Amino acid sequence: MQLSGELLLTLQEVDERLAAKQQELDQLNADLEAQAEIPVLTERAEQERENAIERRAHLARLEVDADALRERVEELEERIYGGTVTNLRELTAVEEEQANARRELMQAEESLGPARLAAEDSERAREDLTETLAEREKTWAESAPKFRRQAKAAQKEVTILEEERAEASRNVPADELTLYDQLLFRRHGVAIARVERGVCQACHITLPLKEASRLRRSDGIVTCGNCGRILIPS
Ligand SMILES: [Zn+2]
């Protein structure tokens, strides 16, 4: 038991280093994949560009409509004041038409302002995003090689630690290794706990006397009744 206790302790120590290195590698890979948000920003910039185009087109349509209405109003006014219409009924009809056209023109002119502002906002947002994106791309281009080197190095170390783990677990009895692996998973990477003065150092619960004496006698594997970890005498 003493022997496999030592083996398990060594295994635990390797596993802790392996978990830390694996976490570092995962983070590096996540950063590489996210590429400083460049794909997200690119998509947003593209959306903003489409937005700007749409709003500019909308504004242009409104301007064309307003111009047409302005012309129409002028044309009708010419007819009213030009003296070409002599018939009173026709004059009344033209005047009515002119009043309608004027009203429509006013409405069209009222919507021009907000449409112009919206188009400008879109354009500004697009410019800002393009600028941010360019900055990010520049920074990323500078830092990416370093990230890739770090990820590669971390991957190498993970592989070495995995070999070290295989080596460390080679002489651990199969049933103990199974228990250890289960605990490693359930107890978030810490399967082993030392016992000091009869207290489990992982969960700080005092062991029953019977268990404590079993542990002292190295009588088979002893687990903590509370946290379930494999206990090792200090
Ligand atoms: Zn415990």
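None of the values given here were measured: they were computed from a predicted structure.

Q: What is the right way to read the overall build of the protein chain from this model?
A: Each helix and strand in the protein chain was counted, giving five helices and three strands. Listing each helix as α and each strand as β along the protein chain from the N terminus yields α-α-α-α-β-β-α-β. Against the compact-globule benchmark of 17 Å for 234 residues, the protein chain has a radius of gyration of 39 Å, which places it well outside the compact range. Seen through its principal axes, the protein chain has C-alpha atoms that stretch 125 × 40 × 25 Å. In the protein chain, which comprises 234 residues, the proportion classed as buried is 14%. Pairs at least 24 apart in sequence give 75% of the contacts found in the protein chain among residues at least 6 apart.

Q: What should I look at first to understand the environment of Ser-234 in this one?
A: Secondary-structure assignment places Ser-234 in the segment after β3 (230–233). On the basis of neighbour counts, which here come to 9 C-beta atoms within 10 Å, the residue Ser-234 falls in the exposed class. Put simply, Ser-234 and Val-195 are 39 residues apart on the chain and 5.7 Å apart in space, counted from C-alpha to C-alpha. Excluding its chain neighbours within four sequence positions, the residues that come into contact with Ser-234 are Arg-194, Val-195 and Glu-196.

Q: It is not clear to me how the pairing of strand β1 (residues 192–196) should be interpreted in this structure. Could you clarify?
A: On a regular strand, each side chain points to the face opposite its neighbour's, so the side chains alternate between the two faces of the sheet. Pairing of β1 with β3, which is carried by four bridges, proceeds in the parallel orientation. Across the sheet, Val-195 pairs through a bridge with Pro-233, a residue of β3. As defined by bridge partners, β1 adjoins strand β2 (residues 199–200) across two bridges and the pair is classed as antiparallel. For Val-195, the partnering residue across the bridge sits in β2 and is Cys-200. Between β1 and the antiparallel strand that follows it, β2, lie two residues; Arg-197 among them carries a positive phi value of about 50°.

Q: Explain the domain arrangement of the protein chain here, please?
A: Put simply, an interface is often sized by how much accessible area is lost when its parts join up. The domains assigned to the protein chain are domain 1 (34–159) and domain 2 (173–233). Using C-alpha coordinates to define each centre, domain 1 is positioned 68 Å away from domain 2.

Q: Just to check I follow, could you spell out the nonpolar core for this structure?
A: Of all hydrophobic cores here, the largest spans 17 residues; its most connected members are Tyr-180, Ile-192, Ala-193, Val-195, Cys-200, Ile-230 and Leu-231. When residues of this core are traced back to their parent elements, those giving at least two are α1 (2–34), α4 (174–186), β1 and β3. Residue contacts for Cys-200: discarding those within four places in its chain leaves Ala-193, Val-195, Ile-205, Leu-207, Cys-224, Asn-226, Cys-227 and Leu-231.

Q: Please explain the sheet that holds β2 as it appears in this structure.
A: The strands making up a sheet associate through backbone hydrogen bonding, with each pair oriented either parallel or antiparallel. The mixed open sheet is built from three strands, whose spatial order is β2-β1-β3. Of all the strands in the sheet, the pair left with one neighbour each is β2 and β3.

Q: For this particular structure, what's the right way to read helix α3 (residues 88–169)?
A: Note on helix geometry: an α-helix contains 3.6 residues per turn, so any two residues three or four positions apart are oriented the same way. Of all bends in α3, the biggest is about 40°, found at Ser-143, and the proline Pro-145 comes one to four residues later. Within α3, the full set of buried residues consists of Ala-101, Ala-119, Ser-122, Arg-126, Leu-161 and Ala-168.

Rules of the game
Residues numbered from 1 in each chain as written. Predicted model: local features only at pLDDT ≥ 70, side-chain atom pairs only at ≥ 80, totals over all residues. Helix = DSSP H or I, 4+ residues; strand = E, 2+ residues; numbered from the N terminus. Rg over C-alpha atoms; globule rule 2.2 N^0.38 Å. Buried ≥ 20, exposed ≤ 12 C-beta atoms within 10 Å, placed from the backbone. Contact = placed C-beta atoms within 7 Å. Pairing = 2+ DSSP bridges. Domains from an automatic or database assignment. Core = buried A, V, L, I, M, F, W, Y, C linked by C-beta atoms within 7 Å. Bend = angle between axes of the 7 residues up to and from the residue.

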